[in-house]
Amino acid sequence: MDDIKNSLSYTLNHLGEERSKYYNAVSPPIIQTSNFCFESFDEFKNAISNESDSHIYTRGNNPTVEILRKKVAALEKTEDCLVFASGSGAISSTILSFLKSGDHILCVNNPYNWTKVLLTEILPNFGIAYDFVDGSNLGAIRAAIKENTKMLYLESPNTATFALQDLEACAEIAKAKGIITAIDNSYCSPIFQNPHDFGIDLIIHSGTKYLNGHSDVVCGFVCGSKELIASIFHFATMTLGNIISPNEAALIIRGLRTLELRLEKSHGSAVKIVEYLKNHKHIESVLYPWDKDFPQRELAKKQMKGAGGLFSILLKSTDLLQLEKFCAKLQTFLFAVSWGGHESLILPYCSLMNIPNHPDPNVPVNLIRIYIGLEDSDYLIHDLENALKIFD
Ligand SMILES: Cc1ncc(COP(=O)(O)O)c(C=O)c1O
């Protein structure tokens, strides 16, 4: 029984769900309340001394949200977890909880765009310095650490460049200097990578992606030890207050039921489609961490169990008009940002040129990010095949 309780299927289907407390309902109730009341002075006094685990006020904790916290903490093999109103909310709340004026944060190159804005445009207003470093170069990381560095921020794999960092080595370097490590683990989801196994302290997710998985909720998570999560709770959750509603928590719990199935399906289809695209005459190259020709393939195999549905292609043509026509001809792929839902998506980087905060002005115009959702892979290949005829 203990083994079952440690299993993924138990976490997704049962963990945290105390059904006898709510009429043995299989699905947890949505406890739609802002406030909780107490029968005695002592009960209230005890609860308020541990607000993050008690039910006092929904900004701090709510029973429906609590079920979700338990599940995601278990998925990341950590002691505790907090849920935020977005992935960016989780990132900013985590960073702001551990850095103060005079401190320095070291971040890998090309983090998610709004993380970069936080570091370069917001943190300096509070006297917090930052540096970006090539995360694949451990010597460069060591050299970039300063006396006042408080956090090493990773994103592996990166969702634009797909660059990986050696999590174990990064954790070792940081631990030796007493620096907290945080990682954006959205690309892999907890199904394909558990950074805590490699010594990373804080694991962040845009839950909007795979964890919810149905493109109908925006949310974020941070997982870690009781102690670190308590710091974030007291600093950020209670003061910044960027929480989710019990309603959204129930939707995410429902999404989690199929997390493993969805990831397996996306991953399997992506592997097949990448193989097809790599051999296509109009494709220059494909960038996918699970591809056997991926430059950091060995590292990917060491710390990941799969890669999900997100990758990029570089087309041979750089003709903007043709690229536009290619995107327009696709029938199944939706033209959209984000990823991790049930629907397959396409994001041509040429459509992002000349906008403020563009991911990287040096990104080639012929780069297209593709996300493979849950549709039939043969159908998706047929759609790509048809659209690629534009370049004949
Ligand atoms: C890698 C990564 N991290 C964080 C975020 C931010 O998450 P959210 O949109 O839930 O705020 C995103 C969103 O696209 C992302 O791709």
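The structure displayed is predicted, hence computed values, not measured ones.

## Thoughts on the sheet that holds strand 10 (residues 334-335)
On the basis of which strands lie adjacent, the open sheet formed by five strands has the order 8-9-12-11-10 and mixed pairing. The open sheet has two edge strands, strand 8 (283-287) and strand 10, and neither has a second partner. The pairing of strand 9 (residues 310-315) with strand 12 (residues 367-371) spans five bridges and is antiparallel. The residue bridging L310 from the neighbouring strand is Y371, located in strand 12. In the packing of helix 12 (residues 259-278) onto the sheet, the strands contacted are strand 8, strand 9 and strand 12, and the crossing angle to strand 9 comes to about 10°. Sheet strands touched by helix 14 (residues 320-329): strand 9, strand 10, strand 11 (345-348) and strand 12. Its angle to strand 11, the strand with the most contacts, is close to 170°.

## Description of the layout of surface pockets
The space that makes up the second largest pocket amounts to roughly 370 Å³. Around the second largest pocket sit 15 residues that line it, and E18, K21, H55, P63 and E66 are the ones nearest its centre.

## Some words on the packing of aromatic side chains
Across all of its chains, the model carries eight aromatic pairs by this definition. Where Y210 meets Y371, the ring centres are 6.2 Å apart and the plane angle is 55°; that geometry is what we call tilted. Of this pair, Y210 sits in the loop between strand 6 (202-206) and strand 7 (220-224) while Y371 sits in strand 12, and the two are 161 residues apart along the sequence. Comparing Y210 with Y371, the two get one shared label, buried.

## Thoughts on unusual backbone geometry
P157 follows S156 through a cis peptide bond whose omega is -10°. A positive phi angle is found at S189, which is not glycine, with a value near 65°. Within the element layout of this structure, S189 appears in helix 9 (residues 189-192). Owing to a relative accessible area of 1%, S189 belongs among the buried residues under this scheme.

## Some remarks on helix 8 (residues 167-176)
Those residues of helix 8 not exposed but buried are L167, A169, C170, A171, I173 and A174. Contacts made by the buried residues of helix 8 are with helix 7 (138-144), strand 4 (149-155), strand 5 (180-184) and helix 13 (297-303). The N-cap residue of helix 8 is D166: its side-chain oxygen and the backbone nitrogen of E168 are 3.3 Å apart.

## As for the site of the ligand
Near the ligand you find 13 residues, and of these G87, D184, S206, T208 and K209 are the closest. In this structure, an oxygen atom belonging to the ligand sits 2.8 Å away from a main-chain N or O atom of G87. Note that an oxygen atom of the ligand is positioned 3.5 Å from one of the side-chain N or O atoms of W339. Here the shell around the ligand takes three residues from helix 5 (residues 87-98), the largest share from any one element. For the shell around the ligand, a count of residues per class yields four nonpolar, seven polar and two charged.

## Overview of the sheet that holds strand 4
Taken in spatial order, the seven strands of this open sheet run 1-7-6-5-4-2-3, and their pairing is mixed. Across the chains shown, the open sheet's two edge strands, defined by having one partner strand only, are strand 1 (80-84) and strand 3 (129-133). Within the sheet, the average angular offset between the axes of one strand and its neighbour, ignoring direction, is 20°. Here strand 4 runs beside strand 5; their pairing, made up of five bridges, is parallel. By the bridge assignment, L154 is partnered in strand 5 with I183. Along the sheet, helix 5 makes contact with strand 1, strand 2 (104-108), strand 4, strand 5, strand 6 and strand 7, crossing strand 6 at roughly 155°. Most of the contacts of helix 6 (residues 113-122) go to strand 3, to which it runs at about 135°, and overall it touches strand 2, strand 3 and strand 4.

## Some points on the domain arrangement of the protein
Where the parts come together, the accessible area they lose is often given as the size of the interface. Segmenting the protein into domains produces domain 1 (2-256) and domain 2 (259-391). Taking only C-alpha atoms into account, the centre of domain 1 sits 28 Å from that of domain 2. Counting residues at the interface gives 42 residues for domain 1 and 36 residues for domain 2. Here domain 1 and domain 2 share an interface that buries about 3100 Å² over both sides, 57% of which is from carbon and sulfur atoms. On inspection of domain 1 and its partner domain 2, the count reaches two salt bridges. Its salt-bridge partner being E168, residue K302 comes within 3.1 Å of it at the nearest N-O pair. In this structure, the connection of domain 1 to domain 2 is made through 17 residue pairs in polar contact (both at pLDDT 80 or more). If you list the elements that add at least two residues to the side of domain 1 that touches domain 2, you get helix 2 (8-13), helix 6, helix 8, helix 9 and helix 11 (246-256). Looking at the side of domain 1 that touches domain 2 element by element, the count peaks at five residues for helix 6. A per-class count over the side of domain 1 that touches domain 2 returns 20 nonpolar, 17 polar and five charged.

What counts and what doesn't
Residues numbered from 1 in each chain as written. Predicted model: local features only at pLDDT ≥ 70, side-chain atom pairs only at ≥ 80, totals over all residues. Heavy atoms only, no water. Pairing = 2+ DSSP bridges. Helix = DSSP H or I, 4+ residues; strand = E, 2+ residues; numbered from the N terminus. Contact = heavy atoms within 4.5 Å. Axes fitted to C-alpha atoms, helices over the stretch in contact; angles between N-to-C directions. 1 Å grid on protein atoms, 1.4 Å probe; cavity = no way out; pocket = protein on both sides within 12 Å on 5 of 7 lines; lining within 4 Å. Points joined across faces, edges and corners; volume = space filled by probe spheres on them. Phe/Tyr/Trp six-rings, centres within 6.5 Å; stacked < 30°, edge-to-face > 60°. Buried < 20%, exposed > 50% of the residue type's maximum accessible area, 1.4 Å probe, protein only. Polar contact = N/O pair within 3.5 Å; in protein donor to acceptor, adjacent residues only side chain to side chain. Near = heavy atom within 4 Å. Nonpolar A, V, L, I, M, F, W, Y, C, P; charged D, E, K, R; others polar. Domains from an automatic or database assignment. Buried area = accessible area lost by both parts, 1.4 Å probe. Salt bridge = Lys/Arg side-chain N within 4 Å of Asp/Glu carboxyl O.

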